[in-house]
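# A structural walkthrough
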Amino acid sequence: MNEIIFYSYPSCTSCRKTKKWLKGNNIQFQEKHIFRETPNKEEMMKILSLTTEGIDEILATRSQTFKDLGIDVNELSLSQLIELIIEEPKLLRRPIITSGKKLIVGYNESALQKLSRQKSRFELKQSVS
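This text gives an overview of the structure that appears in the document. (Residues numbered from 1 in each chain as written. Predicted model: local features only at pLDDT ≥ 70, side-chain atom pairs only at ≥ 80, totals over all residues. Heavy atoms only, no water.)

Another point: the environment of Gln 80. By the element assignment, Gln 80 lies in helix H4 (residues 78–87). A distance of 2.8 Å separates a polar atom in the side chain of Gln 80 from the backbone nitrogen of Ser 77. (Helix = DSSP H or I, 4+ residues; strand = E, 2+ residues; numbered from the N terminus. Polar contact = N/O pair within 3.5 Å; in protein donor to acceptor, adjacent residues only side chain to side chain.)

A few words now on the pairing of strand S1 (residues 5–8). Every second residue of S1 is oriented toward a common face, with Ile 5 and Tyr 7 on one face and Phe 6 and Ser 8 on the other, all of them buried. As paired strands, S1 and strand S2 (residues 30–33) are joined by four bridges and run parallel to one another. Across the sheet, the residue bridging to Phe 6 is Glu 31, located in S2. Handedness of the crossover joining S1 and S2 through helix H1 (residues 13–24): right-handed. Examined bridge by bridge, S1 and strand S3 (residues 96–98) share three bridges and lie antiparallel to one another. Its bridge partner being in S3, Phe 6 is matched across the sheet by Ile 97. (Buried < 20%, exposed > 50% of the residue type's maximum accessible area, 1.4 Å probe, protein only. Pairing = 2+ DSSP bridges. Right-handed = clockwise from strand over helix to strand, strands pointing away.)

Following the sequence through the fold, Thr 51 ends up in the loop between helix H2 (41–50) and helix H3 (64–69). Within the structure, the side chain of Thr 51 is placed 2.8 Å from the backbone oxygen of Leu 48, a separation counted as a polar contact. Residues contacting Thr 51, with those up to four places away along its chain left out, are Glu 57, Ile 58 and Leu 103. (Contact = heavy atoms within 4.5 Å.)

On to the pattern of salt bridges. Under the counting rule described, the total for this entry stands at two salt bridges. Of the charged contacts, one joins Lys 19 and Glu 31 as a salt bridge, the two residues approaching to 2.8 Å between their closest N and O atoms. Of this pair, Lys 19 sits in helix H1 while Glu 31 sits in strand S2, placing them 12 residues apart in sequence. The class of Lys 19 is partly exposed, set by a relative accessible area of 27%. For Glu 31, a relative accessible area of 32% puts it in the partly exposed group. Of the charged contacts in the structure, one is a salt bridge between Glu 43 and Lys 32, with a shortest N-O distance of 3.2 Å. Highlighted residues: Glu 43 in helix H2 and Lys 32 in strand S2, separated in sequence by 11 residues. For Glu 43, a relative accessible area of 22% gives the class partly exposed. (Salt bridge = Lys/Arg side-chain N within 4 Å of Asp/Glu carboxyl O.)

Set out below in C-alpha cells:
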C-alpha cells in the first residue's frame, strides 16, 4: 500500500478527529498542512482521479472563500479549476486522506476503518512474502 498522505489544517475539527483516529489505530501517515503544502497540479490530478463525484467531492462550496469568489465552477476548465484551488487552498474540503488508491474527504470513520483493514491485509502479505 502506498504511503498515506493526510492533508489537514490544525484548527479544523474534522482534521483533529481524523488525526486522533489515525494515531489511535496506529496508522502511519505523512501529514501535510493544506495551506502551507497545498497539493500541486500533479497531486490534484491524482486526488481528482480517486473521487467518485469529481470536483464536487473535494470543493468546499459552503466556505466563505468559495462564496466570495462568486464563480460558477462549471464555467471553468479543469486546468483553470486546479490552478484556482492551488492559489486558494481554502476551497478544498478538509481533511483529505489518500493512500494513492483510495480517497477519504472529511472525517469518515467507516472509510477510515476500511482503509485500516486494507493496510493490515497489505502488511500481512508483506510479512508472509
